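The primary structure of each chain is shown beneath.
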Amino acid sequence: MKVGIGYDVHTLTENRKLIIGGVNIPFEKGLKGHSDADVLIHAIMDSLLGAMGKGDIGKIFPDTDKHYKDLDSRILLRQVYKLMVENNLQVGNIDAVIIAQNPKMSPYIDAMKKNIAYDLNTSISNINIKATTTEQLGFEGRGEGIAAQAICLLEIKEKL
């Protein structure tokens with residue numbers, strides 16, 4: 001088994017959709033980034049890549065590559081899944097937290113879990129997502145950005 005940790009943060013900005021966990025969340029601001037800036041999926045991808053010893057998303061999907069401009073992060077997550085398959089690995093579990101003062105994430109967490117489980121070809125029971133605020137402290141608490149952290153356990157896939 002292999003363990004990885006991931007962290008990502010993006011600035012909230014005007015004129016962008018707020019996409020977290022592959023879910024479009026109605027909000028007056030969205031996250032600024034080269035792709036769709038899905039902070040949760042980025043943290044999860046970093047944890048998976050770390051567990052595989054493959055670096056991070058900046059190494060695999062550089063923000064200098066125009067191909068990734070405004071790209072749906074779920075497409076990138078599926079590419080990370082292909083790397084897992086090539087390395088004979090499967091998700092044991094993922095535990096992630098979204099750190100945001102607003103908007104409230106709880107109405108969207110089940111859809112996020114479903115998206116991530118689907119893209120990683122695993123049971124929804126292997127994906128845990130929670131959300132917290134910072135009690136108005138720091139950049140998240142001031143509404144300047146949103147962060148996410150993730151940890152994963154990858155298991156060697158049993159050969160039949």
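Keep in mind it's a predicted model, so treat the numbers as computed, not measured.

Definitions and limits used
- Residues numbered from 1 in each chain as written.
- Predicted model: local features only at pLDDT ≥ 70, side-chain atom pairs only at ≥ 80, totals over all residues.
- Heavy atoms only, no water.
- Helix = DSSP H or I, 4+ residues; strand = E, 2+ residues; numbered from the N terminus.
- Rg over C-alpha atoms; globule rule 2.2 N^0.38 Å.
- Buried < 20%, exposed > 50% of the residue type's maximum accessible area, 1.4 Å probe, protein only.
- Contact = heavy atoms within 4.5 Å.
- Areas by Shrake-Rupley, 256 points an atom, 1.4 Å probe, with all protein chains shown as cover.
- Pairing = 2+ DSSP bridges.
- Axes fitted to C-alpha atoms, helices over the stretch in contact; angles between N-to-C directions.
- Salt bridge = Lys/Arg side-chain N within 4 Å of Asp/Glu carboxyl O.
- Parallel < 35°, antiparallel > 145°, perpendicular 65-115°, else oblique.
- Patch = residues over 30% accessible without salt bridge, like charges linked within 9 Å, V, L, I, M, F, W, Y side chains within 5 Å.
- Core = buried A, V, L, I, M, F, W, Y, C linked by side-chain atoms within 4.5 Å.

Undergrad: Honestly, the overall build of the protein chain in this entry has me stumped. Any pointers?
TA: A count of helical and extended segments in the protein chain gives five helices and seven strands. What you see in the protein chain, going N to C, is helices and strands ordered as β-β-β-β-α-α-α-β-α-β-α-β. In summary, the protein chain has a C-alpha radius of gyration of 15 Å against a globular reference of 15 Å for 160 residues, a match within 12%. In the protein chain, buried positions account for 48% of the 160 residues. Long-range contacts, defined as pairs at least 24 residues apart, comprise 71% of the intrachain contacts of the protein chain with a sequence gap of at least 6. Element-wise, carbon and sulfur atoms account for 50% of the exposed surface of the protein chain, whose accessible area totals about 8,400 Å².

Undergrad: Please clarify how the sheet that holds strand 1 (residues 2–13) should be interpreted in this entry.
TA: Pairing between the strands of a sheet comes from backbone hydrogen bonds, and it takes one of two forms, parallel or antiparallel. Spatial ordering of the open sheet is given by 4-1-7-5-6, a layout of five strands whose pairing is mixed. Both outer strands of the open sheet, strand 4 (30–31) and strand 6 (127–132), are each paired with one neighbouring strand and no more. In this fold helix 1 (residues 39–52) packs onto strand 1, strand 4, strand 5 (89–99), strand 6 and strand 7 (145–156), with an angle of close to 155 degrees to the strand it touches most, strand 1.

Undergrad: What exactly am I supposed to notice about the pattern of salt bridges here?
TA: Pairs may arise between side chains of opposite charge once their charged atoms sit close together. Under the criterion given, the structure shown has four salt bridges. In this structure, the salt-bridge partner of Arg 78 is Asp 119, at a minimum N-O distance of 2.9 Å. Here Asp 119 lies in helix 4 (residues 109–119) and Arg 78 lies in helix 3 (residues 73–86), a separation of 41 residues in the sequence. A residue is classified by how much of its surface remains accessible, and Asp 119, at 3% relative accessible area, is buried.

Undergrad: Looking at this structure, I do not really get the packing of helix 3 against helix 4. What am I missing?
TA: Two numbers describe a pair of packed helices, the interaxial angle and the distance between the axes. Relative orientation of the contacting elements helix 3 and helix 4 amounts to 40 degrees, with a least axis distance of 9 Å. Judged on the interaxial angle alone, helix 4 and helix 3 are oblique. Between helix 3 and helix 4, the residues in contact are Arg 74, Leu 77, Arg 78 and Tyr 81 and Asn 115, Ile 116, Tyr 118 and Asp 119, respectively.

Undergrad: So what exactly am I meant to see when it comes to a nonpolar patch on the surface here?
TA: Nonpolar side chains collect at one region of the surface, where Val 3, Ile 5 and Ile 151 lie side by side and expose about 300 Å² of accessible area between them. Assignment of secondary structure puts Ile 5 in strand 1. Of the residues examined, Ile 5 reaches a relative accessible area of 65% and is grouped as exposed.

Undergrad: Can you help me understand the nonpolar core in this one?
TA: Among soluble globular proteins, nonpolar side chains are generally buried collectively. Formed by 46 residues in total, the largest nonpolar core has its most connected members in Ile 20, Leu 40, Leu 48, Met 112 and Ile 146. At the level of elements, strand 2 (18–20), strand 3 (23–25), helix 1, helix 3, strand 5, helix 4, strand 6 and strand 7 are the ones that each hand at least two residues to this core. Sorting elements by how many residues they give to this core places helix 1 first, with ten residues.

Undergrad: Where do I start with unusual backbone geometry in this structure?
TA: For residues that are not glycine, phi is negative in most cases, and the peptide bond is trans in most cases. Note the cis peptide between Asn 102 and Pro 103, where omega equals -5 degrees. Structurally, the position occupied by Pro 103 is in the loop between strand 5 and helix 4. You will see that Glu 135, though not glycine, has its phi angle at about 55 degrees, which is positive. With respect to the secondary-structure elements, Glu 135 resides in the loop between strand 6 and helix 5 (138–141). Its relative accessible area of 64% is what places Glu 135 among the exposed residues.

Undergrad: Help me understand helix 4 in this model?
TA: Because each turn of an α-helix spans 3.6 residues, side chains separated by three or four positions end up pointing in the same direction. Of the residues making up helix 4, those classed as buried are Ile 109, Met 112, Lys 113, Asn 115, Ile 116, Ala 117 and Asp 119. Those residues of helix 4 that are buried lie in contact with strand 2, strand 3, helix 1, helix 3, strand 5 and strand 6. Residue Asn 121 follows helix 4 closely and has a positive phi angle near 50 degrees.

No statement about biological role is implied by the geometric values presented.
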